[in-house]
Amino acid sequence: MLDHGAPPHNGGPAAPHSSGVGMRLMRRKPVERLVAEGGHGEGGTLRRSLGLWQLTMISIGATLGTGIFVVLGEAVPKAGPAVTLSFVIAGLTALFSALSYAELAGTIPVSGSSYSYAYATMGELIAWVCGWCLMLEYGVSVAAVAVGWGEYLNELLDGTIGVTLPAAMSAPPGDGGVFNAPALIVVMLAMAFLLGGARESARANTVMVLVKIGALVLFCAIGVQGFRSGNYENFMPLGMAGVSAAGATLFFSYIGFDAASTAGEEAKNAQRDLPRAILLSLAIITALYVLVAAVAVGAKPWRQFTDSEATLAQIMREVTGQSFWGTLLAFCAVVAIASVVLTVLYGQTRILFAMSRDGLVPKVFARVSPRTGTPRANTLIVSLFCGVLAAAVPLGQLADATSIGTLFAFALVNVAVVVLRRSRPDMPRSFRVPLSPLLPALGFGFCLWMMGSLSTVTWVVFGVWMAVGLVFYFLYGYRRSRLAAPAPSEAK
């Protein structure tokens, strides 16, 4: 429900200053202050250059491709033909959260995404926990997708010049290799685009998104020729537990609309366009995911799926009996997955930008180049970290770690939208979640359910990550938070 007449927020009360530890942990940053600081960094400002089309493409770019081109081969053995149902469940879970994101993105159009929403509604400690989850969600997602990019690059090289990269330099330790060089290369390429500016990165991403959509449509057109109804006879061989386990793994493929919300300070009309971009992109990618998964399982018995990241190219080759189509799809996948790396890396840098501006992480992440209007040092640091992670850690572990971080952040967003409705009921909103608080409650419940489907190892990794984050917060962020100091307007 769009309210086109919602006015922007300007100015507003500053946060109260408290000396007690409990009060400091619960201090909230007023929405008006969040919005007033939008775009401002250390030494420069971000440029507002993105419209509805670019925002939608960023959202699709960060989403479409990951679950289909990369993780489908891992999800099918968990759920069997019911993997299509896994995509529906993951998409439904994402929809409930996307509605909450749409309301908050239109109300608080800033780069911090769910971190900033939590800061305005639930206090600094919860905001930090959310931001720390987003670092896991985005940073690890970049690495996970970059690993899959190398698989399709090998398919492309094999189909065009008849050679492949040796395992030692195309797979991480634990997967038979020493160092995944292609994964590092694609992250560095994305970094180069981001350093050029948001508008230039958005243009490159749009071209790549159109290529990936075309590739998936082509796959469906050819793959359906090998469709066998018998492949669906035992639809749910591993039961509902298998369906939910696959859905939890696939859920990290739906973080695209979160990436769109991180562009709030670079959008021309964020309050109007962000909600539209979030919902439009989710509808497009869910439809394509389900369609491609249905064709893939129909064309290949589910027991024959392996954990190869180049599953779709293999199916194309098997259906046609020719290497050309598989090679063409591999080329499209190389382009498509590169766009995921580009847009998710973009989201990671903007979240760190917002956290740095609040004083919770070092100032270097909030420095903006006056020439390009981008956080250059931030981009360089994050890219190098994600590139090394991609080159050294196997994909499966990365994907599950990303899922749990995503689900936790989404759960907090569903809570935040209800809290803000109650604490600021009269605040203008460009979009409202229908049937609130029912739908946010369903979104919260679905997120918890899918988190429960993840493995014990994933939970242990998540627990260790959270413990490290809390130590960092109390040693650094708690003492340096800018919310403890007067706002600039108060200091005058």
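Everything in this summary refers to the structure shown in the same document.

Parameters at a glance
Within each chain, residues carry numbers counting from 1 in the order of the written sequence. Per-residue local features of the predicted model are confined to residues with pLDDT of at least 70, and side-chain atom pairs are confined, for both listing and counting, to 80 or more; whole-chain, interface and lining totals are unaffected and use all residues. Calculation of side-chain values draws on the structure's entire complement of heavy atoms; hydrogens and water are dropped beforehand. Only centres within 6.5 Å qualify two rings of Phe, Tyr or Trp (six-membered ring in Trp) as a pair; their planes then separate them into stacked at under 30 degrees, edge-to-face at over 60, and tilted for everything else. Secondary structure is summarised from DSSP: a helix means a run of H or I of at least four residues, a strand means a run of E of at least two, and numbering begins at the N terminus for each. Each residue's exposure class comes from its accessible area (1.4 Å probe, protein chains only) as a fraction of the maximum for that residue type: buried when under 20%, exposed when over 50%, partly exposed otherwise. Within this analysis, patches are made of residues with over 30% relative accessible area and no salt bridge. Like charges are joined at 9 Å or less; nonpolar side chains (Val, Leu, Ile, Met, Phe, Trp, Tyr) at 5 Å or less. Methods summary: accessible areas were calculated by the Shrake-Rupley approach with a probe of 1.4 Å, and residue burial reflects only the protein chains presented. Only one rule defines a salt bridge in this text: a Lys or Arg side-chain nitrogen within 4 Å of an Asp or Glu carboxyl oxygen. The charge count treats Lys and Arg as positive and Asp and Glu as negative. His and the chain ends do not count. To locate a charge, take NZ of a lysine, CZ of an arginine, CG of an aspartate or CD of a glutamate. Structural elements are reduced to axes, namely lines fitted to C-alpha atoms, with helices fitted over the stretch in contact, and the angle between N-to-C directions of any two is expressed from 0 to 180 degrees. By the definition adopted for this analysis, an angle is roughly parallel if under 35 degrees, roughly antiparallel if over 145, roughly perpendicular if from 65 to 115, and oblique otherwise.

Focus: the packing of aromatic side chains
The description of two aromatic rings rests on the distance between their centres and on the angle between their planes. According to the stated counting rule, one finds 19 aromatic pairs in the structure shown. Ring geometry for Y115 against Y119: centres 5.7 Å apart, planes inclined by 55°, an arrangement best described as tilted. Highlighted residues: Y115 and Y119, both in helix 7 (residues 114–121), separated by four residues, approximately one helical turn. The same class applies to Y115 and to Y119, which are both buried.

Focus on a positive patch on the surface
Together, R47, R199, R203, K268, R371 and R376 line one region of the surface with positive charge. Structurally, R199 can be placed in helix 11 (residues 198–223).

Side note on the environment of T406
Within the element layout of this structure, T406 appears in helix 18 (residues 395–423). On the basis of relative accessible area, T406 is assigned to the buried category, the value being 0%.

Notes on the packing of helix 6 (residues 83–107) against helix 14 (residues 270–299)
One way to put it is that helix 6 packs onto helix 14 with a least axis distance of 9 Å and a crossing angle of 175°. Between helix 6 and helix 14, the interaxial angle falls into the category roughly antiparallel.

Overview of the pattern of salt bridges
In the structure shown here, the tally under the stated rule is eleven salt bridges. The closest approach of N and O atoms between E103 and R421, which form a salt bridge, is 2.8 Å. On the criterion of sequence distance, the pair formed by E103 in helix 6 and R421 in helix 18 is long-range, its members being 318 residues apart. Take E103: its relative accessible area is 1%, and that puts it in the buried class. The salt bridge partner of E266 is R350, with a shortest N-O separation of 3.0 Å. Within this pair, whereas E266 is found in the loop between helix 13 (256–261) and helix 14, its partner R350 is found in helix 16 (residues 323–357), the two being separated by 84 residues in sequence. What makes E266 buried here is its relative accessible area of 1%. Several salt bridges share partner residues, and in doing so they unite K29, R33, E37 and D358 into one network.

Function cannot be inferred from these measures alone, as they are strictly geometric.
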